[in-house]
Each structure stands twice: as C-alpha cells, then as structure tokens.
Amino acid sequence: MNQIPRVALILLLLQMLATLVIHVSHLHFPFWLLAALAICWRWLMHRGQLPYPGWPTKTIAVGLGAVAVFFSYSGQFSLESAVAFFVTAALLKLLEMKTRRDAFILVYLQFFLLATGFLFEQGPLWGLYGIAGLWFGTVALISLQLNVAGSTSVRVAMRYASALMVLALPVMLVLYLLFPRMGPLWSIQLQSDRSFTGLSESMTPGDIANLSIRDEVAFRASFEGNMVPDREKLYWRALVLDQYDGRTWSYSRSSSSVQWYPDPALGNGAVLVANRYEVIMEPTGERWMYALDNPAAAERSSGITSTGLLINRQGVYQRMHYRGVSLFKPRQQSLTDDERQLNLRLPPDMNPQARAMAAELRQQYSEAAGFSLALMNHFNQQPFHYTLKPPRYGQDEIDQFLFESRRGFCAHYAAAFVFLARAAGFPARMVTGYQGGEWNETDHFLTVKQYDAHAWAEIWQDGRGWVRVDPTAAVAPMRVQYGLEDALRDEEASLIEGQTGIGRRMKQIGWLYDLQMKGESMNYLWNRWVLSYDRSLQESLLEQVFDRGDYQAMLAWMGGLVVGLFLFMGSLLLIRRQRSNTLPWIREWQQLQQQARQCGVEVGIGQTPSGWLQSLALAMPALADDCRRLAHLIDQLVYQSNEVNHDDQRRLQRHIRQLRRRLKSVRRPATETAAARHIHEGAV
Amino acid sequence: MTASLSLRERLRALWRIRTRRWLDKRIPRQREIRLSQRSIFILPSAAGWVFGLLLLLLLLTAINYQNSLIFAMTFWLFAMGGVAMYLTFRNLAGLSLATHEAMPCFVGDTASIPLRISADGRYNRYGIQLGYPANPQRQTDAIAGEVADLHILFDCQQRGRLQPGRLLVESRFPAGLFYTWTHLDLDVGSLVYPHPEEVPLVLSAGGDGDSLPGATLDAAGQQDFRGLRPYQAGDSLRQIAWKQLARGKGLVTKEFDRDEGASCWLEWNNVSGDVETRLSRLCGWVLSCHEQGWLYGLRLPGVEIRPAHSEGHLQQCLAVLALFRAPGEEDI
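Nothing here was measured: the structure is a model prediction, and the numbers come from that model.

A few points about the overall build of chain B
Part 1 of the reasoning: Summing up its helical and strand segments, chain B has six helices and 18 strands in all.
Part 2 of the reasoning: A buried classification covers 50% of the 332 residues belonging to chain B.
Part 3 of the reasoning: Of the contacts formed within chain B by residues at least 6 apart in sequence, a portion of 63% connects residues at least 24 apart.

If you want it as structure tokens, here you go:
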C-alpha cells in the first residue's frame with residue numbers, strides 16, 4: 001500500500017529531468033552526469049536489476065555529492081551553488097526513494113527547484129515551461145494516490161491535475177493581484193554570482209565601446225501620457241565619474257550623500273515635474289538606477305545622491321520596476337568648496353599639450369558656457385572620427401587623442417572634454433549611462449539596449465548648475481539623433497550583435513520588422529505586468545479599480561472575497577442538497593423509514609417498498625391496515641403506471657404522512673430486543 | 001476507574017467516551033448510509049502539512065527575491081491545495097455504502113462482511129480504503145453509477161453479536177494533501193458463535209458401552225454398520241476398525257449409517273470450566289451432533305431448547321450459545 005506505483009515512478013523520474021532543464025544556464029556538467037546516473041540507477045532498482053542502496057552506499061553518495069558541489073563552485077556560497085546543493089539533495093532522495101512518503105518529499109523538492117529556476121530564467125517561454133512543470137509535477141503527485149492500471153492511471157491523473165490547476169486559477173489570480181507585495185523581509189546575502197553586462201563603476205574610455213556591441217536589453221521605459229521627450233534629450237544617467245587617475249575614470253564614494261525617499265522635492269504639491277516615466281530595469285547587481293535629468297526619488301527604496309543620481313538601497317539583482325520623475329529645476333544651486341576641488345582635480349604632469357590648449361582657451365573664455373561651445377566647435381570642425389575601434393592610447397592619452405589620431409568613441413570625447421574643462425579651471429565631470437533607445441509604436445515603450453550605452457560630460461555653470469555637454473553630438477550628430485548604428489560606418493555597425501548583415505536587412509523588410517516589434521511588445525508586456533508587478537503597480541491598479549490604494553482597504557477586500565467565496569460555496573452545497581431529493585413524497589418516504597428505523601425496523605437491501613411495509617406491519621400490528629393500504633397504493637401508482645402524475649404524488653405523500661403520524665402515536669419502546677427476535681425467528 | 005489511573009489516562013478515557021457518544025449521535029448505526037458533509041471529516045494529511053511548509057518557504061523566497069513568477073507559482077500551488085481539499089471531500093461525498101447480514105462465524109474465524117458500494121454523480125471515486133481498525137484494509141475504486149460488491153474482513157475475537165466497531169472509510173485522492181475519512185457503524189447484525197472445541201462427544205448413558213461424562217442420552221438410535229472405507233484424518237478413534245489394523249490391513253474406518261433417531265441432551269451441567277470453555281465444548285458438540293444426524297437438545301441456565309434436528313434448530317442452538325451471557329445481551 002505504501003509502495004510507489006510504477007506509473008508514478010516513471011513520472012517522477014521524468015519530472016526530475018524536467019526540473020533540471022530550467023537550470024540549464026548555470027548547472028555545471030557533473031550534475032547532469034549525476035542526474036543521468038541517479039535516474040538510470042533508480043530505474044534499474046525498480047526493474048530489480050540493482051538493489052536498493054544500503055547505508056554505506058548512501059553515505060558515499062552524499063559525500064561525493066557534497067564534494068561535487070564544493071569543487072564545481074570552488075567553495076563559493078552563491079545562489080548557483082545553493083541550487084546545485086538542492087539538485088544533489090533531490091537526486092540522492094530519488095535514489096533512496098522507497099515509500100510514498102519519500103515520493104512526496106521528492107515532489108516537493110522538485111516544485112522548489114522549479115521555483116528557484118525562476119530566479120535565473122524569467123522569459124515568457126520559461127513562464128510557460130514553469131506552468132507545464134507545475135502540471136506535470138501535479139500529475140506525478142496524483143498518480144501516487146492511484147492504484148489502477150497504468151494508462152488509466154495516467155489519464156485520470158492528467159485530468160485531475162488539469163482540473164486542479166484550472167479551478168485554482170481564479171484564486172491564484174486574485175492572490176497574485178491583491179496579496180500585499182511588501183519589500184524583502186531581510187536582506188539576502190545569497191545572490192547569484194553571474195556577471196551582468198552593463199556599465200561599471202570605473203571606466204577606461206575603451207569600455208563603452210566593448211559594451212556597445214552587446215544586443216542585450218538594459219531597461220525599458222514608458223512615459224506618462226506618452227509624452228516622450230525628443231530623442232536628443234533622452235540621456236539616461238546612471239553614474240557620475242568624477243575621479244581621474246590618468247587612465248581610469250571612477251566615482252568617489254566619499255563625495256556623495258543620499259537623500260532617501262520620501263523626497264522633499266516631491267513633498268509640497270507645487271512642484272513642477274517635467275516628466276513622469278516608468279522603468280523596468282534588468283538586473284545589474286549594482287545599486288544605481290537609470291533616470292533622466294534632475295531626478296527625484298519616487299520609490300520607497302530609492303534615493304537621490306548629491307551628484308543627482310537615482311540609486312536603490314540594495315543592489316538590483318532581480319528585474320525591477322520603478323517610477324521616475326524629472327523635475328524642471330536642478331536641485332543643486334551652488335557648489336561647495338570640496339565639490340569644486342573634486343571636480344577640478346587632475347593627475348599632475350600629464351597631457352601637457354591639452355593643458356596648454358586649455359590655458360589658451362581660458363584666456364578667451366571666462367564663462368563655462370562659452371568655453372564648452374568653443375570646444376564643441378573644435379570637435380566639430382577639426383577632423384575627428386567617431387569609431388568603435390579607436391587605437392590604443394598610452395601615456396598622455398588625452399594628448400594623443402586630441403592632437404595625433406583624433407579617433408575615438410563617445411568616452412574619449414567626453415574624457416577629453418572634462419580634462420580640458422578641469423585644466424581650464426571649470427568644474428566638470430564624466431557621466432555614463434544610456435542615450436536614446438528604440439520606441440515601440442504599438443505598445444508605447446522605449447527599449448534601451450546595451451549598445452545604447454553612452455558617456456558624456458557635465459560642466460558647472462554658475463547660476464545654471466550642472467549642464468550637460470555631449471561632445472559626441474558635435475562629432476557624430478547621427479549618434480544622438482538616430483542611434484549608434486546609423487552613426488557608424490557599415491563595416492563597424494556590423495560589429496554590433498544582432499545588427500549583422502542579416503539583422504540589419506531584416507529591419508528594412510517591413511513585416512519582419514513588425515514581427516520583431518511584436519516580439520518586443522510581448523516581452524515588454526510580460527515584463528510590465530508579470531515580472532515587475534510590485535507594490536507600486538499594485539497600488540496604482542487598486543486605485544484604478546477600487547478607487548483606493550492602501551493596504552488596509554486591500555486586506556478588507558481580500559477578507560470580503562474569502563467570506564463571499566465561502567458563502568457562495570455554502571449556499572451552493574445547500575441548494576444541491578435540497579435539489580437532490582426533489583420529489584416531496586420520496587422525502588416523506590425517507591422520513592418514514594428513518595422513523596421506523598428508530599423502532600427497530602430496518603430497510604433490507606433490495607427490499608421493495610411493499611416488502612418493507614410488510615415487515616413494518618409485522619413489527620407494529622396496530623399499523624397493519626395502514627401499511628397494507630399504502631403498499632397497495634405504491635404498487636398501483638408507482639409500479640403499474642409509467643409515470644406518477646402530480647395528483648398521485650400528492651396522494652402518496654398524504655398517505656405516507658398519515659402513516660408517519662400513526663407510527664408516532666403507537667410507537668413504544670422496543671421491549672423485544674433484536675436478539676430475542678433472532679432466537680424466535682430461528683425457532684419458527 | 002481506580003485511583004491508580006493517571007489524570008491523563010482518565011482524561012483520555014473521558015475523551016474517548018465523549019467522542020464515541022458524539023459519533024453515535026452524528027453517525028448512528030445504519031444498514032445503509034450515503035456519505036455527506038454530516039458524516040465526512042477532513043484534515044490535512046502529514047504530506048499536507050509539509051506542503052504548507054513548502055508554500056511558506058516559497059512565499060519567503062518570493063518576497064525576499066521580489067520574484068513575481070515565484071509569487072505566481074506559490075499562489076497557484078496554494079489555490080490548488082484548496083481545490084484539492086474540495087476534491088478530496090468530494091471523493092467520499094455521495095458515496096453510498098450498504099451492508100447486509102454477514103455469514104455467521106466462530107470465534108477465531110475471520111468474518112467477511114459484505115459491503116455494497118455505489119457512487120452517485122458523474123465522477124468516479126478513486127483510492128478508497130476500507131477496513132476495521134486492526135484488521136486488513138482494502139483499497140477500491142467506485143465507478144460512477146455502478147454498484148460494486150466487496151467483502152471486508154474482520155477477525156472475530158468476541159462471542160456474541162458481531163460488533164466490528166466502526167468501519168474506517170478513508171481517502172487521500174487526488175493530491176494526498178488531505179485526509180478525509182468517516183467512521184461508519186454499519187449494522188452487520190450477524191452472530192459470532194463460540195469457538196467449537198474438538199472434544200469427541202461421549203454419551204453418558206446408553207450408547208455402545210463407553211461412558212464418559214458428556215451428553216445425556218435420551219434415546220438410542222440404530223447404528224447400522226454400512227461398510228469400511230480408508231481412514232481419513234479426523235476420523236474418530238472409536239470408528240477405527242482395530243481388528244483390520246491388527247490384521248495388517250492398514251487404517252480403515254468403520255462407517256455407520258446415520259444414527260437415525262438417536263436423541264440426546266447437551267447440558268451445561270455436564271461440562272465444567274468457565275463460561276467460555278463450557279460454551280466452546282457445547283458448541284463443538286452441537287456441531288458434531290448435527291453432523292451425525294442426531295436429535296439433540298440444549299440446556300443452559302434459563303434456556304432450554306428441545307431436541308430436534310434441522311438447519312433451523314442448529315442455527316437456533318448456535319445463536320443461543322453465541323448470545324448466552326454475551327456482553328451487551330443481559331436480557332437473555
């Protein structure tokens with residue numbers, strides 16, 4: 001009875017394999033070997049060709065598993081190694097699975113593994129795969145309870161699994177939409193050790209060029225009222241790099257203090273907001289978020305640094321949805337001495353030519369605005385080239401770039417600009433982020449990919465604050481207006497992933513382009529409504545649907561729903577119960593039998609009504625006449641005519657009720673016990 | 001209840017009595033019962049509680065990693081658990097169980113209690129386990145609209161009216177997360193006779209010479225010698241043809257015609273020992289008298305059945321033996 005049915009075993013083995021598939025991106029090879037071994041071994045055990053492992057075998061297996069986990073993840077404690085540990089545990093459980101209880105534990109482990117797969121894979125197709133996995137696991141779970149023949153068992157289990165999932169769907173949706181999405185209960189140290197592509201905290205000018213050939217999505221954004229700023233204004237700031245050591249730009253942690261949510265800039269109602277937008281950001285493993293100029297903190301976990309960046313309290317390890325707000329006015333009106341110092345600092349004795357040029361320009365322009373305009377003109381009019389493949393620069397790289405090769409990518413121009421500005425005594429800094437993006441007309445969102453990564457400069461102008469200057473725009477205006485691909489020459493543009501010859505030609509074929517856009521839209525909607533459904537989205541949904549957004553009201557709603565559901569089910573049961581005996585005379589008849597049972601007259605199996613009435617008459621001689629009459633009536637009305645019409649039913653009911661009343665009046669305690677009757681019957 | 005019983009034991013006994021009384025009221029003894037929410041109980045099974053733990057773990061994972069897909073999977077599993085509860089309940093609800101009189105049996109035998117199961121509604125019921133406590137369980141499925149007959153085994157240890165207690169009908173189908181059950185007090189209504197003791201019946205007077213105390217011979221019948229047949233295990237020693245054995249012709253049994261007309265009284269006072277021993281011996285004698293075709297009567301304190309020989313007479317005698325001073329049968 002506690003054996004695992006054969007069908008269930010097969011399903012469990014298959015399900016084991018299926019749950020591993022979702023971990024395909026990070027599970028190391030030895031574990032696949034281990035899985036194949038365990039599954040085959042367990043099958044041979046079932047066939048009786050191998051014995052169940054004894055404790056020495058089990059101990060060795062556990063030891064080997066632990067060693068495998070330790071060495072393939074080089075002893076690091078990360079999400080991947082934790083999952084590998086669970087996989088090993090499930091495989092070992094599979095090996096020693098003997099009873100139904102073991103099988104339950106295995107199914108639960110498989111469900112858990114399936115769920116943890118979603119920490120790594122979140123595409124819509126993986127979502128479908130998860131549903132299939134859930135269904136298959138349920139089939140396995142149900143087949144554990146079935147002891148019927150194989151094919152029937154699978155069919156029944158499949159039917160019930162489908163019924164379970166379909167019937168559960170509405171409740172699941174309600175819970176999904178209404179269950180309070182609170183923040184993490186504790187901060188988890190266990191994070192994935194995979195590397196994310198994207199910007200980094202320090203940058204040498206060649207880095208962005210490497211990033212710019214990646215076709216991966218960095219984030220998607222939509223704008224309130226579809227008020228999309230012009231493409232030339234879509235500068236998504238991520239990082240401010242204000243330190244330069246002659247080679248690498250990095251950002252100084254010491255300089256920035258953070259204004260966390262709630263943001264006082266949004267506190268008074270009279271703020272002027274230039275833009276409202278929503279961003280779904282791919283994980284970076286870092287704390288920065290992407291924002292347009294002059295951001296304000298509109299999310300609970302976010303804050304604004306003194307350098308005007310939007311950051312998150314924790315690193316962004318999962319796809320994140322947030323609202324962004326752009327203010328009209330920059331919040332920083334003056335520069336402290338420390339900040340001025342920091343943004344003027346240059347490594348000494350480097351790039352003498354550039355310094356000389358800066359000094360010369362400083363003679364002509366005492367204002368930052370004029371200075372930057374002159375520099376832009378310089379870049380525009382001199383033979384500078386915008387290229388993904390600049391030469392390697394050595395010592396005095398700014399000099400080499402400015403006066404020798406004049407070939408560079410956005411970061412080179414920005415670096416040169418900042419260097420010159422600082423050398424001329426104007427506070428300036430490097431900013432990295434993304435510029436532009438692809439607008440989806442059908443679903444109104446912007447997709448920003450890694451090849452939209454960009455670097456530009458900001459210069460301090462007294463009275464205006466930090467002002468953006470993008471020297472790339474002077475060299476390659478196409479980059480800012482249309483995107484990287486159009487700004488590069490063909491042979492370079494083909495370096496960008498997904499923009500190879502075929503990919504580029506695809507864009508020119510109308511319907512293929514449409515198809516690609518449809519795919520993008522699907523991804524976006526999936527991200528928007530499924531993956532990044534969180535507290536803020538939940539609140540806005542509640543505001544839209546129920547006209548209120550606070551949690552108390554939501555809990556009340558949920559409670560109300562549950563109570564309503566129970567009431568509904570209860571009344572359904574009641575109605576069905578009453579409907580089950582619709583004919584009143586049959587109900588009356590059942591009550592009569594119930595009453596007689598209390599007097600010791602049972603209903604035998606297969607006993608006809610008249611037969612039963614005879615035994616009632618025997619037990620209650622006073623009722624003999626009534627019984628006979630009723631028996632006659634029943635025989636006549638129920639058995640001799642095809643259908644009992646309404647009047648006859650009424651008549652029957654009346655007679656039965658009469659008999660019930662008589663029975664009540666003559667009812668006496670059954671002195672003669674059944675035992676005694678038994679003996680008497682024997683004596684007959 | 002003595003003072004030596006600890007408070008815990010007393011409370012437990014009290015609890016047992018209370019629950020039995022409550023059950024007797026809620027699900028009274030019946031020949032036939034249709035299971036409904038009145039008679040069906042349901043609780044999460046051990047696997048169900050562990051499933052709850054799994055859900056909690058998944059929820060924590062979903063919250064801490066802010067992962068919508070894990071949220072969705074958690075809620076789906078949770079809702080499926082709820083649906084599974086209903087489906088598990090439904091697996092028993094609407095099931096009709098009926099019994100009729102089981103064949104009487106002797107103490108030490110296994111009674112097989114007939115049970116008729118039918119399922120109403122449009123769906124089949126799977127994985128229904130039936131069995132009396134401490135007796136073998138059997139699993140069955142009930143196909144919608146069909147009637148299935150099966151037998152439940154019960155090891156009879158107690159003489160008297162067959163009281164197997166409450167039949168446990170349970171099911172965990174479909175998901176095994178919930179355990180639904182009912183305790184049915186089916187009115188089996190058959191008797192358990194005393195264990196027949198195989199002591200050769202000896203007539204105390206008359207007969208053919210031997211006189212051991214046993215039954216009182218009322219009238220001797222004619223025993224006509226019919227012939228010889230090979231010995232079979234169990235043949236009485238008295239019937240063995242010793243002379244044939246002595247002549248080296250092997251073990252042969254003398255066969256007689258039935259003792260037509262032999263009549264005897266099987267008496268309580270002729271046997272000694274406690275009640276059960278006496279009844280056992282009398283039961284064995286009743287059976288052997290019946291087999292040998294004698295007329296026999298039964299005399300117990302307060303009960304007298306006149307000598308006769310018929311199937312009905314046998315049943316009557318055995319019934320008296322079964323119910324004599326049996327627990328719960330004070331009125332005899």
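Focus: the interface of chain B and chain A
Part 1 of the reasoning: Of the residues lining the interface, 63 residues belong to chain B; the matching set on chain A comes to 63 residues.
Part 2 of the reasoning: When chain B packs against chain A, the two sides together hide about 5800 Å² of surface, and 72% of this comes from carbon and sulfur.
Part 3 of the reasoning: Area buried by chain B at its contact with chain A is led by Tyr65, Leu69 and Trp76 of chain B, which between them contribute 14% of it.
Part 4 of the reasoning: Run the count over chain B and chain A and you get zero salt bridges.
Part 5 of the reasoning: Where chain B meets chain A, there are six residue pairs in polar contact (both at pLDDT 80 or more).

A closer look at helix H14 (residues 410-423) of chain A
Residue and element names in this part refer to chain A.
Part 1 of the reasoning: Compared with an ideal rise of 1.5 Å per residue, which puts 14 residues at 20 Å, H14 spans 20 Å between its outermost C-alpha atoms and is within 8% of the ideal.
Part 2 of the reasoning: Of all 14 residues in H14, 13 are buried; the element is thus mostly enclosed.
Part 3 of the reasoning: Phi for Gly425, located one or two positions after H14, is positive at around 90°.

A closer look at the sheet that holds strand E9 (residues 160-161) of chain B
Two modes of strand pairing occur in sheets, parallel and antiparallel, and in both the strands are linked by backbone hydrogen bonds.
Residue and element names in this part refer to chain B.
Part 1 of the reasoning: Strand order in the open sheet formed by three strands is E4-E12-E9, and the pairing between neighbours is mixed. Since the sheet does not close on itself, it has two edges, and those belong to strand E4 (105-106) and E9, each with one partner.
Part 2 of the reasoning: Here two bridges tie E9 to strand E12 (residues 191-193), and the two strands are oriented antiparallel to one another. Across the sheet, residue Arg161 finds its bridge partner in E12, namely Leu191.
Part 3 of the reasoning: Contacting E4, E9 and E12, helix H6 (residues 311-323) crosses the sheet at an angle of about 85° to E12.

Quick notes on a nonpolar patch on the surface
Residues and elements named next belong to chain A.
Part 1 of the reasoning: Taken together, the side chains of Val171, Leu565, Phe568, Met569 and Leu572 make up a nonpolar region of the molecular surface, amounting to roughly 430 Å² of accessible area.
Part 2 of the reasoning: Assignment of secondary structure puts Met569 in helix H22 (residues 551-580).
Part 3 of the reasoning: Classification of Met569 by relative accessible area gives partly exposed; the value is 40%.

Here we look at the state of the cysteines
Residues and elements named next belong to chain B.
Part 1 of the reasoning: Applying the stated criterion to the full structure yields zero disulfides over all chains.
Part 2 of the reasoning: Just so you know, Cys105 is unpaired, no disulfide at all, and the nearest cysteine sulfur is the one on Cys156, 3.2 Å from it.
Part 3 of the reasoning: Given the relative accessible area of 7%, Cys105 is considered buried.

Looking at the environment of Thr387 of chain A
Residues and elements named next belong to chain A.
Part 1 of the reasoning: Within the secondary structure, Thr387 sits in the loop between strand E12 (385-386) and helix H13 (397-405).
Part 2 of the reasoning: Linking Thr387 and Phe409, residues 22 residues apart in sequence, is a C-alpha distance of 5.4 Å.
Part 3 of the reasoning: A distance of 2.9 Å separates the side chain of Thr387 from the backbone nitrogen of Lys389, its partner in a polar contact.

A short note on the UniProt feature "transmembrane region" (unreviewed entry) in chain A
Part 1 of the reasoning: Under the local residue numbering, the UniProt record ascribes the feature "transmembrane region" (unreviewed entry) to residues 60-91, 103-120, 126-148, 160-179 and 554-575 of chain A.
Part 2 of the reasoning: Here residues 160-179 of chain A is 95% helix and 0% strand, with 27 Å between the C-alpha atoms at its ends.

Quick look at the pattern of salt bridges
Part 1 of the reasoning: The tally for this structure, following the rule as stated, stands at 28 salt bridges over all chains.
Part 2 of the reasoning: The residue Arg660 of chain A makes a salt bridge to Glu588 of chain A at a minimum N-O spacing of 2.7 Å. Of this pair, Arg660 of chain A sits in helix H26 (residues 646-666) while Glu588 of chain A sits in helix H23 (residues 584-598), placing them 72 residues apart in sequence.
Part 3 of the reasoning: Here Glu588 of chain A falls in the buried class, since its relative accessible area comes to 7%.
Part 4 of the reasoning: When the shortest N-O distance is used, the salt bridge between Asp149 of chain B and Arg116 of chain B registers 2.9 Å. Of this pair, Asp149 of chain B sits in strand E8 (residues 147-155) while Arg116 of chain B sits in strand E5 (residues 110-119), placing them 33 residues apart in sequence.
Part 5 of the reasoning: Looking at Asp149 of chain B, the relative accessible area reads 51%, which means it is exposed.
Part 6 of the reasoning: By relative accessible area, Arg116 of chain B is classed as partly exposed at 33%.
Part 7 of the reasoning: The structure contains a network of salt bridges with shared partners spanning Lys58, Lys93, Glu96 and Asp102 of chain A.

Here's the deal with the UniProt feature "transmembrane region" (unreviewed entry) in chain B
All names here are of chain B.
Part 1 of the reasoning: Those residues carrying the UniProt feature "transmembrane region" (unreviewed entry) are residues 40-63 and 69-89 in this numbering.
Part 2 of the reasoning: Overall, residues 40-63 shows 75% helix and 17% strand. The separation of its end C-alpha atoms is 37 Å.
Part 3 of the reasoning: With 100% helix and 0% strand, residues 69-89 has end C-alpha atoms that lie 30 Å from one another.

Details of a positive patch on the surface
Residue and element names in this part refer to chain B.
Part 1 of the reasoning: A contiguous patch of positive charge on the surface is contributed by Arg8, Arg12, Arg16 and Arg20.
Part 2 of the reasoning: In this fold, Arg12 is placed in helix H1 (residues 7-26).
Part 3 of the reasoning: Classification of Arg12 as partly exposed rests on a relative accessible area of 43%.

Description of the packing of helix H5 (residues 100-117) of chain A against helix H6 (residues 124-143) of chain A
Residue and element names in this part refer to chain A.
Part 1 of the reasoning: Relative to each other, H5 and H6 sit at 175°, their axes nearing to 10 Å. The angle between H5 and H6 falls in the class roughly antiparallel. Residues Phe104, Val107, Phe111 and Leu114 of H5 form the contact with H6, whose own contacting residues are Gly130, Gly133, Leu134, Gly137, Thr138 and Leu141.

What counts and how
- Residues numbered from 1 in each chain as written.
- Chains lettered and ligands numbered in written order.
- Predicted model: local features only at pLDDT ≥ 70, side-chain atom pairs only at ≥ 80, totals over all residues.
- Heavy atoms only, no water.
- Helix = DSSP H or I, 4+ residues; strand = E, 2+ residues; numbered from the N terminus.
- Buried < 20%, exposed > 50% of the residue type's maximum accessible area, 1.4 Å probe, protein only.
- Contact = heavy atoms within 4.5 Å.
- Buried area = accessible area lost by both parts, 1.4 Å probe.
- Salt bridge = Lys/Arg side-chain N within 4 Å of Asp/Glu carboxyl O.
- Polar contact = N/O pair within 3.5 Å; in protein donor to acceptor, adjacent residues only side chain to side chain.
- Expected span 1.5 Å × (residues − 1).
- Pairing = 2+ DSSP bridges.
- Axes fitted to C-alpha atoms, helices over the stretch in contact; angles between N-to-C directions.
- Patch = residues over 30% accessible without salt bridge, like charges linked within 9 Å, V, L, I, M, F, W, Y side chains within 5 Å.
- Areas by Shrake-Rupley, 256 points an atom, 1.4 Å probe, with all protein chains shown as cover.
- Disulfide = S-S within 2.5 Å.
- UniProt positions renumbered as here; feature names shortened; annotations may be inferred.
- Lys, Arg positive; Asp, Glu negative; His and termini not counted.
- Charge placed at Lys NZ, Arg CZ, Asp CG, Glu CD.
- Parallel < 35°, antiparallel > 145°, perpendicular 65-115°, else oblique.

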